[in-house]
Amino acid sequence: MGWVAAKMAVKRKTIVFSGINLFEGGPLSIYYDCLDACRELKLHEKFRLVAFVYKKELFRAYEDLAILVELPAGRKNYLFRLYYEYIYFGVFSHKHQIAVWLSLHDITPIVRVGKLYTYCHNPSPFLQKDLSKIKYSVKNTAFAFFYQYLYRINIKSADAVIVQQHWIRMAFEQMFPVQHVIVASPKVQTSYRFQGLHTKNRNNIFFYPAYPRYFKNFEVLLKACEVLEAEGMDWFRVWITIRGNENPYAVHLRKTYGSLRTVKWLGIQPRETVFQLYDQADCLIFPSLMETWGLPISEFAQTGKAMILADLPYAHETAGDYEKCIFFDPKDAASLSDMMRDILEERQQYCNCRRKNRQPPDADGWQQLLKMLLGNV
């Protein structure tokens with residue numbers, strides 16, 4: 001670590017970002033979005049930026065922006081993760097004068113710093129507990145039970161907790177001993193140019209992009225397909241980003257529903273391909289039982305096409321005042337099949353969605369959030 005100390009010898013205030021458990025998907029994109037905002041604000045010209053990461057190869061684009069410190073053992077097991085959060089980071093903070101520490105993955109580290117912030121984006125504590133799902137993932141089921149205790153450790157030391165939606169702020173304030181919770185809504189940006197409004201697919205393609213975790217609730221969609229096929233409606237297609245061999249849950253889904261004629265098992269797709277599939281699809285279906293945001297909702301909204309969403313707080317807040325939403329009970333396959341039938345027969349009636357007034361403190365995207373956190377540094 002001598003080279004890190006040498007780089008930090010320059011007389012500038014130090015900002016530390018820690019996210020050693022972020023390595024793929026939406027959570028990793030949070031780290032990227034944060035560092036992109038740092039670049040846009042030119043924070044590296046004013047501050048010394050240090051980023052603790054899982055692997056440097058994932059962050060090559062930021063080598064000129066921040067001092068990258070790789071800690072891959074943090075993903076081997078949770079004992080390593082807790083060691084880094086509660087011991088290693090503390091030693092590091094005592095050796096270096098840190099103005100601001102931003103923990104990007106839920107846990108509040110034990111550190112000596114000027115300001116400490118914890119970004120919480122794992123909604124496990126708010127998921128309805130169901131031990132029957134342990135056969136699909138011991139880890140996810142355990143997190144649903146125990147993540148609330150991991151959140152609680154040292155959380156009172158944080159100057160503020162950061163969440164993505166207002167309903168999570170209220171839930172945090174009820175569940176944890178915190179008073180200052182900032183809502184930082186993701187600002188979804190893409191360079192992809194959608195052509196979807198000009199395509200004509202006879203309203204017969206539904207799309208659900210998600211990794212096969214049990215709380216993503218693929219069953220309700222696949223059961224709805226069963227209902228419609230039993231009625232003789234088999235001319236539509238449902239695209240899902242599962243192959244059927246990714247994990248025990250995916251194997252169960254493929255074994256149980258693999259004979260459905262209407263379902264296309266695409267497997268995990270690159271981000272650019274997902275945008276192309278948004279363009280080709282006629283309707284997004286998003287039945288997930290647990291999200292802190294629900295990124296596909298924001299992404300698909302850019303197409304201007306219909307969405308059938310779980311009738312849950314996260315989906316209402318993410319959809320905002322989008323005009324082409326229908327909400328359904330995410331545990332009721334018959335209700336979903338009715339809504340899919342209405343879309344197919346062009347008889348759908350959309351909800352009159354209205355975006356709720358935002359309550360401060362809140363930030364719209366990473367640039368606003370960083371300006372808020374670093375305003376007096």
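The structure under discussion appears in the preceding block.
Q: What exactly am I supposed to notice about the overall build of the protein chain here?
A: Helices and strands together make up the secondary structure of the protein chain, namely 12 helices and 14 strands. Here the protein chain holds 377 residues, and the buried ones make up 54% of them. For the protein chain, the share of sequence-separated contacts (at least 6 apart) that also reach a separation of at least 24 residues comes to 64%. With the model as given, the accessible surface of the protein chain reaches about 17700 Å², and the carbon-plus-sulfur share is 50%.

Q: Explanation requested: the sheet that holds strand β11 (residues 283-286) in the structure shown.
A: In a beta sheet, neighbouring strands pair by backbone hydrogen bonds and run either parallel or antiparallel. In spatial order, the strands read β10-β9-β8-β11-β12-β13; together these six strands make up an open sheet with parallel pairing. Looking along the sheet, the strands with just one partner apiece sit at the ends: β10 (263-265) and β13 (325-328). If you compare each strand with its neighbour and ignore which way they point, the axes differ by 25 degrees on average. The strands touched by helix α6 (residues 218-230) within the sheet are β8 (205-208), β9 (237-240), β10, β11 and β13, with β9 carrying the most contacts at an inclination of about 160 degrees. Packed onto the sheet, helix α8 (residues 271-280) meets β8, β9 and β11 and runs at close to 150 degrees relative to β8.

Q: Whenever I open this one, the environment of Asn77 confuses me. Can you help?
A: In this fold, Asn77 is placed in the loop between β3 (67-70) and α3 (78-95). Within the structure, Asn77 has its side chain in polar contact with the backbone nitrogen of Leu79 (distance 2.9 Å). Within the local environment of Asn77, its side chain forms a polar contact with the backbone nitrogen of Phe80, the two atoms lying 3.1 Å apart.

Q: Which parts of the structure should I look at to understand the nonpolar core?
A: What tends to happen in soluble globular proteins is that the nonpolar side chains get buried as a cluster. Among the nonpolar cores identified, the biggest contains 76 residues, and Phe206, Ile240, Ile308 and Met340 are the most heavily contacted of them. When residues in this core are grouped by element, the largest group, seven residues, is from α6. Once residues within four sequence positions are removed from consideration, Met340 is found in contact with Phe206, Leu221, Ala224, Cys225, Leu228, Phe236, Val238, Ile285 and Ile308. Counting residues in each nonpolar core, the second largest holds 37 residues, with Phe47, Ala99, Val100 and Leu369 among its members.

What counts, and at which threshold
- Residues numbered from 1 in each chain as written.
- Predicted model: local features only at pLDDT ≥ 70, side-chain atom pairs only at ≥ 80, totals over all residues.
- Heavy atoms only, no water.
- Helix = DSSP H or I, 4+ residues; strand = E, 2+ residues; numbered from the N terminus.
- Buried < 20%, exposed > 50% of the residue type's maximum accessible area, 1.4 Å probe, protein only.
- Contact = heavy atoms within 4.5 Å.
- Areas by Shrake-Rupley, 256 points an atom, 1.4 Å probe, with all protein chains shown as cover.
- Pairing = 2+ DSSP bridges.
- Axes fitted to C-alpha atoms, helices over the stretch in contact; angles between N-to-C directions.
- Polar contact = N/O pair within 3.5 Å; in protein donor to acceptor, adjacent residues only side chain to side chain.
- Core = buried A, V, L, I, M, F, W, Y, C linked by side-chain atoms within 4.5 Å.

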